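Topology and contacts: notes
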Amino acid sequence: GKMKPGHAFGEGDHRKGLPHFTDENIEKTNEFLEKIKLLANDKEATLAQLVIRWTVEQPGITIALVGARNPEQATQNAKAMDIQLTDQELSYITEELDKLRLNL
């Protein structure tokens, strides 16, 4: 699920206190995810799968290291490679990401 502003990180969570995870930045990130969610839905993919696929398509990238909490998640992540993205769709994600201005 999506992280909400005010999210309480558990003890030992490395994200606690990182500037990426201020309430303001969480809201901005969620707005970005909402914009690309329509494309993910269109591809019958999860947001994670869409982002993994976009990452692998970047120039100079030959592999994406992706963590998984369980075997199902690992399988879902691997299915990202089945998604076909047009140049236009890749550009759309890149442009929306470029608009995402986090305060770090």
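Quick caveat, the model's predicted, so the values are computed rather than measured.

A word on the overall build of the protein chain. If you tally the helices and strands in the protein chain, you get four helices and zero strands. Ordering the α and β elements of the protein chain from the N terminus gives α-α-α-α. The C-alpha extent of the protein chain, read off along each of the three principal axes, is 35 × 35 × 25 Å. Counting over 104 residues, the protein chain shows a buried share of 25%. Of the contacts made within the protein chain by residues no fewer than 6 positions apart, 62% connect residues no fewer than 24 positions apart. Entry remark: accessible area of the protein chain is about 7,400 Å², with carbon and sulfur atoms responsible for 53%.

Turning our attention to the side chain of Arg53. Tracing the backbone shows Arg53 in helix H2 (residues 47–56). With residues near it in sequence (within four places) discarded, Arg53 still touches Ala80, Met81, Ile83 and Leu85.

To continue, consider H2. Restricting attention to buried positions, one finds in H2 the residues Gln49, Leu50, Ile52, Arg53, Trp54 and Val56. Check the buried side of H2 and you find it contacts helix H1 (23–42), helix H3 (71–78) and helix H4 (87–99).

Running from N to C, H1 and H4 point in directions that differ by 170°, and their axes come no closer than 10 Å. Classed by the angle they form, the pair H1 and H4 counts as roughly antiparallel. Between H1 and H4, the residues in contact are Phe32, Lys35, Ile36 and Leu39 and Glu89, Tyr92, Ile93, Glu96 and Leu97, respectively. In the contact of H1 with H4, the residues fall into six nonpolar, no polar and three charged.

Our focus in this paragraph is the nonpolar core. A general tendency of soluble globular proteins is for nonpolar side chains to be buried together. By size, the foremost hydrophobic cluster in this structure holds 13 residues, and its most contacted members are Phe32, Ile36, Leu39, Leu50, Leu85 and Ile93. Elements represented by at least two residues in this core include exactly H1, H2 and H4. In terms of residues, this core owes the most to one element, H1, which gives five residues. Discounting residues that sit within four places of it in the chain, Leu85 has contacts with Leu39, Lys43, Leu50, Arg53, Trp54, Leu90 and Ile93.

On to the packing of aromatic side chains. A complete count under the given rule lists one aromatic pair for this structure. Between the aromatic rings of Phe9 and Phe21, the centroid separation amounts to 5.6 Å while the plane-to-plane angle is 75°, which identifies the pairing as edge-to-face. One end of the pair, Phe9, is in the segment before H1; the other, Phe21, is in the segment before H1, with twelve residues separating them in the sequence. For Phe9, a relative accessible area of 14% corresponds to the buried category. Look at Phe21 and you get partly exposed, because its relative accessible area is 27%. Over the aromatic face of Phe21 sits the side chain of Arg15, whose NZ or CZ is 5.8 Å from the ring centroid.

All right, on to the side chain of Asn77 then. For Asn77, the position within the fold is in helix H3. Sequence-distant contacts of Asn77, defined by excluding residues within four places in its chain, comprise Ile52, Val66, Gly67 and Ala68.

What counts and what doesn't
- Residues numbered from 1 in each chain as written.
- Predicted model: local features only at pLDDT ≥ 70, side-chain atom pairs only at ≥ 80, totals over all residues.
- Heavy atoms only, no water.
- Helix = DSSP H or I, 4+ residues; strand = E, 2+ residues; numbered from the N terminus.
- Buried < 20%, exposed > 50% of the residue type's maximum accessible area, 1.4 Å probe, protein only.
- Contact = heavy atoms within 4.5 Å.
- Areas by Shrake-Rupley, 256 points an atom, 1.4 Å probe, with all protein chains shown as cover.
- Axes fitted to C-alpha atoms, helices over the stretch in contact; angles between N-to-C directions.
- Parallel < 35°, antiparallel > 145°, perpendicular 65-115°, else oblique.
- Nonpolar A, V, L, I, M, F, W, Y, C, P; charged D, E, K, R; others polar.
- Core = buried A, V, L, I, M, F, W, Y, C linked by side-chain atoms within 4.5 Å.
- Phe/Tyr/Trp six-rings, centres within 6.5 Å; stacked < 30°, edge-to-face > 60°.
- Lys NZ or Arg CZ within 6 Å of the ring centre and 35° of its normal.

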